[in-house]
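# Structural characterization, general
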Amino acid sequence: MAAAVDELQETQDVHVIFIPMQYPADVEAGRDIASRMKTKAVVLDGHYTTVEFMSLMGCMDAVIANRLHALIFSAIMQVPATAVSYDPKIDSFIDLIGDRVCGTTEDVQAADIVADVSQKLALGHLAPEIKARLNHLRRQSLRNAYLALRILEGRKGVRKRLQQHRRSL
């Protein structure tokens, strides 16, 4: 990882920020990687809320992650992500959105990370097929929420809530 982000900083003129998705373990991991780098990186050391994580992800041009929530948040914020898998849940999520993992924590190579991130930075946004899948998933989740409300409140209660929601927009 250190070699990959060093090369990205040198070739892509990026700034590297380590965001601790699991506090405090990820702070230590970020510091360890940063200490192995030739270039400089910022290691955030706070304990952040979901809203703060979403905001941080939304400010990124690309994300490299092996934490599921980092991948989900970057997808929600429509930021391209390079996934390094350590668990089938990572593979499943990345497959669900139509992307591919860059490698696993055991076998990923710096060159693979650099190539994947560079490709995503060159595109400048989510690939259209990934964006389409995310939109489909968003519609499905809203449908599930609607069905749950309908069960809890009945048809009339849901219609009333939807009308209130539409007025607030």
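Placed above this text is the structure.
This write-up is about the structure you can find in this document. Computed from a prediction, not measured in an experiment: that's the story for all the values here.

Quick look at the overall build of the protein now. Of the regular secondary structure elements, the protein holds 7 helices and 5 strands. Along the protein, helices (α) and strands (β) appear in the sequence α-β-α-β-α-β-α-β-α-β-α-α when read from the amino end. Taking the principal axes of the C-alpha coordinates as reference, the protein spans close to 60 × 35 × 30 Å. Burial statistics for the protein: of 169 residues in total, 33% are counted as buried. The long-range share in the protein, meaning contacts at least 24 apart out of those at least 6 apart in sequence, stands at 47%. With the model as given, the accessible surface of the protein reaches about 10700 Å², and the carbon-plus-sulfur share is 53%. Charge-centre separation for the protein: the mean point of 21 positive side chains lies 19 Å from the mean point of 20 negative side chains.

One pass over the structure, following the stated rule, counts 2 aromatic pairs. Centroid distance Y48 to F53: 5.9 Å. Interplanar angle 70°. Geometry classified as edge-to-face. Exposure remark for Y48: the relative accessible area of 22% places this residue in the partly exposed category. Among the aromatic residues, those joined into a cluster by ring pairs are Y48, F53 and F73.

Turning next to the nonpolar core. Grouped together as the largest cluster of nonpolar side chains are 24 residues, with contacts concentrated most on M21, M57, V63, L71, F93 and I94. When residues of this core are traced back to their parent elements, those giving at least two are α3 (50–58), β3 (63–65), α4 (68–76), β4 (81–85), α5 (88–96) and α7 (128–168). A per-element tally of this core places α4 first, with 5 residues. Apart from the residues within four sequence positions on either side, I94 is in contact with L71, A83, D99, R100 and V101.

Before going further, it helps to examine the pattern of salt bridges. This model, assessed by the stated rule, comprises 6 salt bridges. D45 is the partner of R31 in a salt bridge, and the nearest nitrogen-oxygen pair spans 3.5 Å. A residue pair is termed long-range when its members are at least 10 positions apart, and R31 in helix α2 (residues 25–36) and D45 in the loop between β2 (41–43) and α3 qualify at 14 residues. Given a relative accessible area of 45%, R31 falls into the partly exposed group. According to the relative accessible area criterion, D45 is partly exposed, its value standing at 43%. By sharing partners, the salt bridges in this structure join D99, R100, D116 and K120 into a single network.

Attention shifts here to the sheet that holds β3. Here we have 3 strands laid out as an open sheet, ordered β3-β4-β5, and parallel in their pairing. Because the sheet does not close on itself, it has two edges, and the strands there are β3 and β5 (103–104). With 3 bridges connecting them, β3 and β4 associate as parallel partners. Paired with A65 across the two strands is A83, which belongs to β4. Against the sheet, helix α6 (residues 110–123) touches β3 and β4, its axis set at about 155° to β4.

What counts, and at which threshold
Residues numbered from 1 in each chain as written. Predicted model: local features only at pLDDT ≥ 70, side-chain atom pairs only at ≥ 80, totals over all residues. Heavy atoms only, no water. Helix = DSSP H or I, 4+ residues; strand = E, 2+ residues; numbered from the N terminus. Buried < 20%, exposed > 50% of the residue type's maximum accessible area, 1.4 Å probe, protein only. Contact = heavy atoms within 4.5 Å. Areas by Shrake-Rupley, 256 points an atom, 1.4 Å probe, with all protein chains shown as cover. Lys, Arg positive; Asp, Glu negative; His and termini not counted. Charge placed at Lys NZ, Arg CZ, Asp CG, Glu CD. Phe/Tyr/Trp six-rings, centres within 6.5 Å; stacked < 30°, edge-to-face > 60°. Core = buried A, V, L, I, M, F, W, Y, C linked by side-chain atoms within 4.5 Å. Salt bridge = Lys/Arg side-chain N within 4 Å of Asp/Glu carboxyl O. Pairing = 2+ DSSP bridges. Axes fitted to C-alpha atoms, helices over the stretch in contact; angles between N-to-C directions.

In short, the description is geometric, and any link to function would need to be established separately.
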